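Residues per chain, in single letters:
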Amino acid sequence: MKRVTLHDKEFQVFIPHDEIQTIVKQVADEINGDFSALDEVVFLSVLNGSFMFTSDLVKNIDFSCEVSFVKLSSYQGTTTTGTVSELIGLSSSLKGKCVVVVEDIVDTGITLEKLYALISAHEPSRICVATFFFKPESYGKHIKIDYIGKSIPNDFVVGYGLDYDELGRNLKDVYKLVVEK
Ligand code: XMP
Ligand code: MG
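What counts as what
Counting starts from 1 at the beginning of each chain's written sequence and moves along it residue by residue. Whichever chain is written first becomes A and whichever ligand is written first becomes 1, with later ones labelled in order. Residues qualify for local features only when their pLDDT is at least 70, as the model is predicted, and side-chain atom pairs are given and counted only at 80 or more; totals for whole chains, interfaces and linings, by contrast, use all residues. The basis for every side-chain value is the complete set of non-hydrogen atoms in the structure, without hydrogens or water. Note on classification: 1.4 Å probe, protein chains only; a residue is buried when its accessible area is under 20% of the maximum for its type, exposed when over 50%, partly exposed between these limits. What counts as a helix is a DSSP run of H or I of at least four residues, what counts as a strand is a run of E of at least two, and both are numbered from the N terminus. Here the arc refers to the set of directions running from the helix axis out to each C-beta atom. In this description, contact between two residues means that some pair of their heavy atoms is separated by no more than 4.5 Å. Only strands that DSSP links by at least two bridges are regarded as paired with each other. Inter-axis angles, ranging from 0 to 180 degrees, are taken between N-to-C directions of lines fitted to C-alpha atoms, where helices are fitted over the stretch in contact. Think of it this way: a Phe, Tyr or Trp ring, Trp meaning its six-membered ring, pairs with another when their centres are within 6.5 Å, and the plane angle makes it stacked under 30 degrees, edge-to-face over 60, tilted otherwise. To count toward a patch, a residue needs a relative accessible area over 30% and no salt bridge; like charges are then connected within 9 Å, while nonpolar side chains (Val, Leu, Ile, Met, Phe, Trp, Tyr) are connected within 5 Å. Under the convention used here, a 1.4 Å probe and the Shrake-Rupley method define accessible areas, while residue burial counts only the protein chains that appear. Salt bridges are identified by distance alone: a Lys or Arg side-chain nitrogen within 4 Å of an Asp or Glu carboxyl oxygen. By convention in this text, a residue qualifies as near a molecule or strand provided that one of its non-hydrogen atoms is within 4 Å of it. Counted as a polar contact is a pair of N or O atoms within 3.5 Å, where, for protein atoms, one must be capable of donating a hydrogen and the other of accepting one, and residues adjacent in sequence contribute only when both atoms are in side chains.

Q: Got a minute to help me understand helix 3 (residues 110-120) in this structure?
A: Count 3.6 residues to each turn of an α-helix, and residues three or four apart come out pointing the same way. Considered for burial, the residues of helix 3 that qualify are Leu-112, Leu-115 and Ile-119. Projected down its long axis, helix 3 shows its buried positions confined to an angular sector of 65 degrees, all on one face. Elements that come into contact with the buried residues of helix 3 comprise strand 3 (41-47), strand 4 (66-76), strand 5 (83-88), strand 6 (98-106) and strand 7 (126-134).

Rendered as structure tokens:
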């Protein structure tokens, strides 16, 4: 099994590139069945992790759509509210449009919940969520995940956009942490 070392940790191949492409095609086919150009769809890619998934996904979308990129940044609030989230980089209006949030991975759902609230403020007609990976054992929120590439256990995965301390994003396969016995 192919292995890679990132920083101090070793990872082994979990999902090879070919299988990733099959998964992406399935997600795209589902979305193609649900929307048309009349819906005014904006694919909203959440950087950094989802850049590869977004790129492959939208190449398989067969209706005319927008593709936009955002980042969720956190900063310390000035009041006692603690960390505040902010949506940065949004370059087009979402008002009245169908937003398909494109995520690399939904784990606890904390990030998604923040995103959802920030996107809602832009008054889209509808918000859907597409994620490559979903960790059902960790997910603790009520937001519906409309399109799931693959549900996985609570293993730490890297590659295909996902990083371990900023390394591994460029890998075309997905790897999981090798747990030494
Ligand atoms: P949640 O849903 O818990 O996810 O808010 C927040 C972010 O955590 C990262 N994440 C991972 N990153 N491998 C990674 O490289 C993983 O297995 C993993 N699980 C969670 C990811 O940035 C996600 O957006
Ligand atoms: Mg992410």
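Q: I would appreciate a short explanation of the sheet that holds strand 7 in the present structure.
A: Strands in a sheet are paired, the pairing made by backbone hydrogen bonds, and the direction either parallel or antiparallel. Strands sit in the order 5-4-3-6-7-8 across an open sheet of six strands; the sheet is mixed. Pairing within the sheet leaves two strands with one partner each, and these edge strands are strand 5 and strand 8 (147-151). In this sheet, adjacent strand axes meet at a mean angle of 25 degrees when their direction is disregarded. Summarising the sheet, strand 3 and strand 4 pair through six bridges and their orientation is parallel.

Q: What exactly am I supposed to notice about the packing of aromatic side chains here?
A: Geometry of an aromatic ring pair is reported as the spacing of the ring centres plus the angle between the planes. For the structure on display, the rule yields eight aromatic pairs. Taken together through their ring pairs, the aromatic side chains of Phe-53, Phe-132, Phe-133 and Tyr-160 make up a single cluster.

Q: Would you mind going over the pairing of strand 4 with me for this structure?
A: Taken residue by residue, a regular strand's side chains alternate between the two faces of the sheet. Where strand 4 meets strand 5, six bridges bridge the pair, whose relative direction is antiparallel. Opposite Ser-73, over in strand 5, you have Glu-86 as the bridge partner.

Q: Quick question: what am I supposed to make of a nonpolar patch on the surface here?
A: Taken together, Leu-47, Phe-51, Val-67 and Phe-69 make up a surface patch of nonpolar side chains, about 300 Å² in accessible area. Locating Phe-51 in the fold gives a position in helix 2 (residues 51-59).

Q: Could you clarify how one ought to interpret the site of ligand 1 in this entry?
A: Inspection of the region around ligand 1 gives 14 residues, with Thr-108, Gly-109, Thr-111, Val-157 and Asp-163 positioned closest. In this structure, an oxygen atom belonging to ligand 1 sits 2.8 Å away from a main-chain N or O atom of Asp-107. Taken by itself ligand 1 offers 510 Å² of open surface, and the protein chains cover 79% of this. Secondary-structure elements contributing two or more residues to the shell around ligand 1 are strand 6 and helix 3. Top contributing element to the shell around ligand 1 by residue count: strand 6, with three residues.

Q: Just checking my understanding: could you explain helix 2 for this structure?
A: Three or more residues of helix 2 are buried, namely Met-52, Phe-53, Thr-54, Asp-56 and Leu-57. Buried residues along helix 2 sit in contact with helix 1 (17-34), strand 3, strand 4, strand 6 and strand 7.

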